[in-house]
Amino acid sequence: MSVAHPFKLGDPICTGCRMPDDLDPRDFDLFEVWYRRWDSPETDNEAAHALWNQFWRTGHPVIAVAARDWHGPGQESPFPGPMAFTGVLAESDSSEAIVEGLRRGRVLMSGGPMIDFGLRAGDGREAGINETLAAPAATMRVGVERLEGPTQLRIFRSGERVHTTSIPGDGTYDYDGFADRPGWYGVELWRDDLPRCITNHVLLA
């Protein structure tokens, strides 16, 4: 079960388009954080991003997704581009494997670049997106592909940004000192003040 465009304009402009304020997060699995263009005037992706993190803070690990919501030529923008797709880490491209990847929360949102993100303990154990690593601290491993040039990397701990740096291009980057306590960790790529890729979380327990 997925919630689409939670902060799109509602009645009387678009009946049934906006998420009810009292919707219980226990009633759905996926939540659309990146809807069409991030800075579109018809929606509020920043509010959706904040609410997604609030769900996690209150014990509801809802998985974030992105979508274009095709209704006509206005949604036919190219990829890479300003509109995002949902990327699913799956065993194959079969519909069954993709649904299983969604069910497991192995998901990122991207307008082009891709992120392979995980945590690695000192003894070599690793956890990827929507997996849990039991360790007192961990190294963050961020592999990036398809960058469009120098890009801002943002690191988040339990919904709060703890580090921002610029990366020059594709590659694998390791970061120590940020995954230093229990919490849920994520990374985002930003360019020209707009997101290019947002991961779901890796848990450190």
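Everything here concerns the structure above.
About the cut-offs
Residues numbered from 1 in each chain as written. Predicted model: local features only at pLDDT ≥ 70, side-chain atom pairs only at ≥ 80, totals over all residues. Heavy atoms only, no water. Pairing = 2+ DSSP bridges. Helix = DSSP H or I, 4+ residues; strand = E, 2+ residues; numbered from the N terminus. Contact = heavy atoms within 4.5 Å. Axes fitted to C-alpha atoms, helices over the stretch in contact; angles between N-to-C directions. Phe/Tyr/Trp six-rings, centres within 6.5 Å; stacked < 30°, edge-to-face > 60°. Buried < 20%, exposed > 50% of the residue type's maximum accessible area, 1.4 Å probe, protein only. Lys NZ or Arg CZ within 6 Å of the ring centre and 35° of its normal.

Re the sheet that holds strand 1 (residues 2-3)
One open sheet accounts for three strands, arranged 1-2-3; its pairing is parallel. Each end of this open sheet is capped by a strand with a single partner; those strands are strand 1 and strand 3 (63-67). In this structure, strand 2 (residues 30-35) lies alongside strand 3, joined through five bridges in parallel fashion. Along strand 3, the bridge assignment pairs Leu30 with Ile63. Set on the sheet, helix 1 (residues 45-57) makes contact with strand 2 and strand 3; between it and strand 2 the angle comes to about 150°.

Structural notes on the environment of Asp192
Here Asp192 is to be found in the loop between strand 13 (183-191) and strand 14 (194-199). Asp192 sits 151 residues away from Pro41 along the chain, and the two C-alpha atoms are 18 Å apart.

Quick notes on the packing of aromatic side chains
This structure, assessed with the given rule, holds seven aromatic pairs. Here Trp38 and Trp190 contribute two aromatic rings whose centre-to-centre distance is 5.8 Å and whose plane-to-plane angle is 80°, an arrangement assigned as edge-to-face. Linking Trp38 in the loop between strand 2 and helix 1 with Trp190 in strand 13, this pair joins segments that are 152 residues apart in sequence. In terms of burial, Trp38 and Trp190 fall into one category: buried. Taken together, Phe28, Phe31 and Phe55 form an aromatic cluster joined through their ring pairs. Over the ring of Trp190 we find Arg154, and its NZ or CZ is 3.9 Å from the ring centre.

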